[in-house]
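What follows is the residue order along each chain.
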Amino acid sequence: MRWWRGRRRLWGAVGVALLLSGCTSGPSLETQGEVTAPPGDSHHLVIGSAGFTESDLLAQMYTLLLRKAGYGTEILSVANRELYEPALESGQIDVVPEYAATFADWLNAKKNGADAAPVGSPDLDATMRALRALAAPRGLTVLDPGTAVDQNAFAVTASFAEQHRLKTLSDLGKSGLKVRLAAGDECVQRPYCEPGLKKVYGIDVTSVDPKGVGTTQAKKAVQSGQDQMVLTTSTDATLDDFGLVLLKDDKKLQNADYLVPVVNRSRAGSEGVAKALGRLNSVLTTADLASMNEQVDSWRRLPQDVARAYLEEKGLL
């Protein structure tokens with residue numbers, strides 16, 4: 001499960017207050033989804049963004065695709081899932097880009113408690129079944145995923161990989177090399193980090209250097225040789241800047257955090273919305289996302305410009 005999700009931008013205090021007050025009106029969020037209603041097709045849709053680069057890009061692409069399909073749209077940036085998910089249930093937000101396994105586990109914990117066994121897994125089909133079963137009673141519809149996935153990933157220097165003939169995490173485990181891992185301090189306990197690397201791949205992780213997930217400091221530590229591997233993400237756009245390459249998760253340690261649109265069923269559950277957003281599935285790849293992230297984070301281009309250029313290049317606008 002992804003426990004980190006990029007940089008966050010805080011939403012204005014006034015907006016948060018309005019959002020929270022709005023979420024208290026109407027039926028309880030725990031029961032409103034039990035009311036059966038036909039899929040809605042509102043002509044004006046609010047697209048939610050979690051306020052970090054990738055979420056902004058996806059929200060911009062959703063907006064452009066929906067506008068082309070004849071919908072009026074606006075984007076609302078809300079800093080965290082604790083705020084935007086209730087707003088999605090209440091209909092203040094109509095569509096958000098989400099990550100399948102992470103969102104499934106989040107909804108599961110919301111329903112069954114923080115200690116509930118995870119339902120997200122490396123199996124995309126099983127994860128989607130669990131996610132849809134948890135989302136439906138809340139009035140949410142999870143649309144089909146594409147091929148783009150943003151999950152935890154591990155990188156080493158290109159020279160280290162070449163020297164030891166490493167392409168996969170299995171290769172690293174078989175090499176017997178001792179590895180100091182730059183990651184968040186929670187890595188020592190997370191099953192998809194140090195414990196998983198040891199159990200699934202047999203990697204000799206000697207220690208975790210708590211420099212954060214995919215931070216500049218963590219990447220520099222690997223670049224300099226202080227550490228041998230860094231925990232980052234599969235859409236990290238800056239690996240080349242540090243001379244780093246990803247090792248393939250060939251035994252599928254990481255969960256299926258494929259990108260999925262989640263919609264409020266009563267406002268945006270129509271076939272028109274699903275068809276408009278589904279057009280992105282046929283083209284968007286993990287590499288495409290990494291490239292667009294780089295254009296925003298490193299080249300300082302605006303997310304709306306990058307999103308439009310990408311959709312035009314792919315013939316979707």
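Attention here is on the structure that accompanies the text. (Residues numbered from 1 in each chain as written. Predicted model: local features only at pLDDT ≥ 70, side-chain atom pairs only at ≥ 80, totals over all residues. Heavy atoms only, no water.)

1. Here's the deal with the side chain of Thr53
Quick note on the threshold: Secondary structure counts use DSSP, requiring at least four H or I residues in a row for a helix and at least two E residues in a row for a strand, with both numbered from the N terminus. In the analysis that follows, any N or O atom pair within 3.5 Å is treated as a polar contact, provided that within protein one partner can donate a hydrogen and the other can accept it, and provided that, for residues neighboring in sequence, both atoms belong to side chains.
Looking at the secondary structure, you find Thr53 in helix H2 (residues 53-68). A polar contact of 2.7 Å, which involves the side chain of Thr53, links it to the side chain of Asp297.

2. A word on helix H8 (residues 194-201)
As a reminder, the rule being used: Relative accessibility thresholds used throughout: buried, under 20% of the residue-type maximum; exposed, over 50%; partly exposed, between the two (1.4 Å probe, protein chains only). This arc corresponds to the set of directions leading from the helix axis out to the C-beta atoms. What makes two residues a contact is simply this: any of their non-hydrogen atoms within 4.5 Å.
Of the positions making up H8, those classed as buried are Glu194, Gly196, Leu197 and Tyr201. Projected down its long axis, H8 carries its buried residues within an arc of 170°, all on one side. Buried residues belonging to H8 abut strand E5 (152-157), helix H7 (169-175), strand E6 (178-183), strand E7 (204-210) and strand E8 (229-233). Trailing H8 by a residue or two, Gly202 shows a phi angle of about 70°, which is positive.

3. Some points on the pairing of E6
Stated precisely, the cut-off is as follows: Criterion used throughout: strands pair if DSSP finds at least two bridges between them. Call a crossover right-handed when, viewed with both strands pointing away from you, the route from the first strand across the helix to the second goes clockwise.
Note: E6 against E7, six bridges, orientation parallel. Directly across from Val179, in E7, lies its bridge partner Val205. In this fold, the crossover linking E6 to E7 by way of H8 has right-handed handedness.

4. Here's the deal with the environment of Ile75
In this structure, Ile75 sits in strand E2 (residues 72-77). For the pair Ile75 and Tyr62, spaced 13 residues apart in the sequence, the C-alpha separation amounts to 9.6 Å. Sequence-distant contacts of Ile75, that is, excluding residues within four places in its chain, are made with Ile47, Ser49, Ala59, Gln60 and Thr63.

5. What to know about the packing of aromatic side chains
The condition that has to hold: Two rings from Phe, Tyr or Trp (for Trp, the six-membered ring) form a pair when their centres are within 6.5 Å of each other. A pair whose planes differ by under 30 degrees is stacked, one over 60 is edge-to-face, and the rest are tilted.
Applying the stated rule across the entire model yields one aromatic pair. Judged by centre distance (6.4 Å) and plane angle (15°), the rings of Phe103 and Trp106 are stacked. Of the two residues, Phe103 and Trp106 both sit in helix H4 (residues 100-112), three residues apart, roughly one turn of that helix. A relative accessible area of 0% places Phe103 in the buried class.

6. Describing the nonpolar core
Rule in force here: Side-chain atoms within 4.5 Å link the members of a nonpolar core, which is a set of buried Ala, Val, Leu, Ile, Met, Phe, Trp, Tyr and Cys residues.
Counting residues in hydrophobic clusters, the biggest one holds 55 residues, and the most contacted among them are Ile93, Leu131, Leu280 and Leu284. A per-element tally of this core places H2 first, with eight residues. In this structure, Leu284 is in contact with Leu58, Thr147, Ala148, Leu259, Leu289, Met292 and Tyr310, ignoring residues within four places of it in sequence. Listed in part, the 23 residues of the second largest apolar core include Leu166, Leu172, Val213 and Leu247.

7. A look at the packing of helix H3 (residues 81-90) against H4
Short version of the rule: Fitting a line to C-alpha atoms yields each axis, with helices limited to the stretch in contact; the angle taken between N-to-C directions then spans 0 to 180 degrees. Roughly parallel means an angle under 35 degrees; roughly antiparallel means over 145; roughly perpendicular covers 65 to 115; every other angle is labelled oblique. Amino acid classes used here: Ala, Val, Leu, Ile, Met, Phe, Trp, Tyr, Cys and Pro are nonpolar; Asp, Glu, Lys and Arg are charged; the rest, including Gly, are polar.
The contact between H3 and H4 brings their axes to 13 Å, and the two run at 80°. Put simply, H3 runs roughly perpendicular to H4. On H4, the residues touching Arg81, Glu82, Glu85, Pro86 and Glu89 of H3 are Thr102, Phe103, Trp106, Leu107 and Lys110. Taken together, the residues of the contact of H3 with H4 break down into four nonpolar, one polar and five charged.

8. Some details on the sheet that holds E8
Strand order in this open sheet of five strands is E7-E6-E8-E5-E9, and the pairing throughout is mixed. The outermost strands of the open sheet, each flanked by one partner alone, are E7 and strand E9 (244-247). Ignoring strand direction, the axes of neighbouring strands in this sheet form an average angle of 40°. Along the sheet, H8 contacts E5, E6, E7 and E8; its crossing angle with E7, the most-contacted strand, is approximately 165°.

9. Quick word on the pattern of salt bridges
Short version of the rule: What counts as a salt bridge is simple: a side-chain nitrogen of Lys or Arg found within 4 Å of a carboxyl oxygen of Asp or Glu.
Tallied over the full model, the rule gives 13 salt bridges. For Asp94, the salt bridge is made with Arg267, and the minimal N-O distance between the two is 2.4 Å. Taken together, the residues span a long stretch of sequence, with Asp94 in the loop between H3 and strand E3 (95-99) and Arg267 in helix H10 (residues 265-268) at a distance of 173 residues. Owing to a relative accessible area of 0%, Asp94 belongs among the buried residues under this scheme. Residues joined in a network through salt bridges with shared partners are Glu85, Glu89, Lys110 and Arg138.

10. Let's talk about the packing of H2 against helix H11 (residues 271-278)
We count it as follows: For any helix crossing, the convention is left-handed if the near helix is rotated counterclockwise from the far helix by under a right angle, and right-handed if that rotation is clockwise.
Packing of H2 against H11 brings their axes to within 9 Å, and their N-to-C directions diverge by 125°. Here H11 runs oblique to H2, going by the angle between their axes. When the axes of H2 and H11 are compared, the crossing they make is right-handed. Contact residues: Tyr62, Leu65 and Leu66 in H2; Val273, Ala276 and Leu277 in H11. Counted by class, the contact of H2 with H11 contains six nonpolar, no polar and no charged residues.

11. Brief notes about unusual backbone geometry
Positive phi outside glycine occurs at Arg165, with the angle close to 55°. With respect to the element layout, Arg165 can be found in the loop between helix H6 (158-164) and H7.

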